[in-house]
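One-letter residues, chain by chain:
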Amino acid sequence: MDRLPEAVFFDMDGVLYDSMKNHEVTWVGSFKSVGIDFEPHRAYLNEGRTGFSTIQLIYGEVKGREATEAECRAVYDEKTRLMALQPKAKAMPGMAELINFLRNRGVKVFVVTGSQQPLLINKLANDFGFDQQSIVSGHDVKFGKPHPEPYLKALDRSGVAKDRCVVVENAPLGIR
């Protein structure tokens, strides 16, 4: 590119916030609450996937069936409860300055995350100045990463041509 992009789409966990350790701990604990051993590294491999999608994947692998809506809700509610007990995730160094730099030059900035955790999503307004229209979360999509729906929704909201956008991702599913 010979100039700045017109829009930048940032992943949240692991890009804007140093929050992946919290997700590791809470996924392990929430699955343990229903008798499922969840290997900690799997939290990183499934980062970007919606919570219910992760639960369905693990239930399919471990129990050989889909989780019921009630089972999904129980695991996700436990994850949310455990997340509230974790240390507050800190913003990644330099990200607020980068976002301000981009905004000051007219670049549209968005967050695209599979998270539905209200604790981090609400922090985006305070820490980085994101409004709800500039956040695509797990609440906004039917299919999470690696499905393109989250990024296509951000692209649509931006009104920018896809060849004028940049994605900043750290997760294997988001990159895929």
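Residues numbered from 1 in each chain as written. Predicted model: local features only at pLDDT ≥ 70, side-chain atom pairs only at ≥ 80, totals over all residues. Heavy atoms only, no water.

1. Let's talk about the overall build of the chain
Inference 1: When helices and strands are counted, the chain shows eight helices and four strands.
Inference 2: Helices and strands in the chain line up, N terminus first, as β-α-α-α-α-α-β-α-β-α-β-α.
Inference 3: Relative to the compact-globule value of 16 Å for 176 residues, the chain shows a C-alpha radius of gyration of 16 Å, a close match.
Inference 4: The dimensions of the chain, computed from C-alpha atoms along their principal axes, are 50 × 30 × 25 Å.
Inference 5: In the chain, buried positions account for 48% of the 176 residues. (Helix = DSSP H or I, 4+ residues; strand = E, 2+ residues; numbered from the N terminus. Rg over C-alpha atoms; globule rule 2.2 N^0.38 Å. Buried < 20%, exposed > 50% of the residue type's maximum accessible area, 1.4 Å probe, protein only.)

2. Thoughts on the nonpolar core
Inference 1: Counting 18 residues, the largest nonpolar core has Phe10, Leu16, Leu124, Phe128 and Phe130 as the members making the most contacts within it.
Inference 2: Of all elements in the fold, only β1 (7-10), α5 (95-104), β2 (108-112) and α6 (118-128) reach the threshold of two or more residues within this core.
Inference 3: Ranked by size, the runner-up nonpolar core spans 13 residues in total, among them Ile55, Cys72, Val75 and Tyr76. (Core = buried A, V, L, I, M, F, W, Y, C linked by side-chain atoms within 4.5 Å.)

3. Some points on the packing of helix α1 (residues 20-32) against helix α4 (residues 69-85)
Inference 1: Remark: α1 packs on α4, axes separated minimally by 8 Å, with the N-to-C direction vectors making an angle of 135°. By the criterion of interaxial angle, the relationship of α1 to α4 is oblique. Every pair of crossing elements has a handedness; the one defined by α1 and α4 is right-handed. In this structure, α1 contributes Asn22, His23, Thr26, Trp27, Gly29, Ser30 and Phe31 to the contact, and α4 contributes Val75, Glu78, Lys79, Leu82 and Met83. (Axes fitted to C-alpha atoms, helices over the stretch in contact; angles between N-to-C directions. Parallel < 35°, antiparallel > 145°, perpendicular 65-115°, else oblique. Left-handed = near helix turned anticlockwise from the far one by under 90°. Contact = heavy atoms within 4.5 Å.)

4. With respect to helix α7 (residues 149-158)
Inference 1: Residues Glu149, Pro150, Tyr151, Ala154, Leu155 and Ser158 constitute the buried set of α7.
Inference 2: Where α7 is buried, its residues touch β1, β2, β3 (135-136), β4 (165-168) and α8 (172-175).
Inference 3: In the stretch just after α7, Gly159 is the one whose phi turns positive, near 70°.

5. Comments concerning the side chain of Gln86
Inference 1: Mapped onto the secondary structure, Gln86 falls in the loop between α4 and α5.
Inference 2: Assessed through its relative accessible area of 18%, Gln86 is described here as buried.
Inference 3: For Gln86, the side chain forms a polar contact with the main-chain oxygen of Leu82, separated by 3.2 Å.
Inference 4: Look past the residues within four positions of Gln86 in its chain and what remains in contact with it is Asn22, Val25 and Thr26. (Polar contact = N/O pair within 3.5 Å; in protein donor to acceptor, adjacent residues only side chain to side chain.)

6. Quick look at the side chain of Asn46
Inference 1: Looking at where Asn46 falls in the secondary structure, it is placed in the loop between α2 (41-45) and α3 (51-63).
Inference 2: Within the structure, the side chain of Asn46 is placed 3.0 Å from the backbone oxygen of Arg42, a separation counted as a polar contact.
Inference 3: Discounting chain neighbours no more than four positions away, the residues touching Asn46 are Thr54, Leu57 and Leu173.

7. Considering the sheet that holds β3
Inference 1: A sheet is described by the order of its strands in space; here four strands give the open sequence β3-β2-β1-β4, paired in parallel fashion. Strand pairing shows two members of the sheet lacking a second neighbour, β3 and β4, which therefore form its edges.
Inference 2: Taken together, the four bridges between β1 and β2 define a ladder with parallel strand orientation. From the neighbouring strand, Phe10 faces β2, where its bridge partner is Val111.
Inference 3: In the packing of α5 onto the sheet, contacts are made with β1 and β2, and the angle to β1 comes to roughly 155°.
Inference 4: Where α7 meets the sheet, its contacts fall on β1, β2, β3 and β4, and the angle it forms with β2 comes to roughly 155°. (Pairing = 2+ DSSP bridges.)

What is shown is where atoms sit, not what they do.
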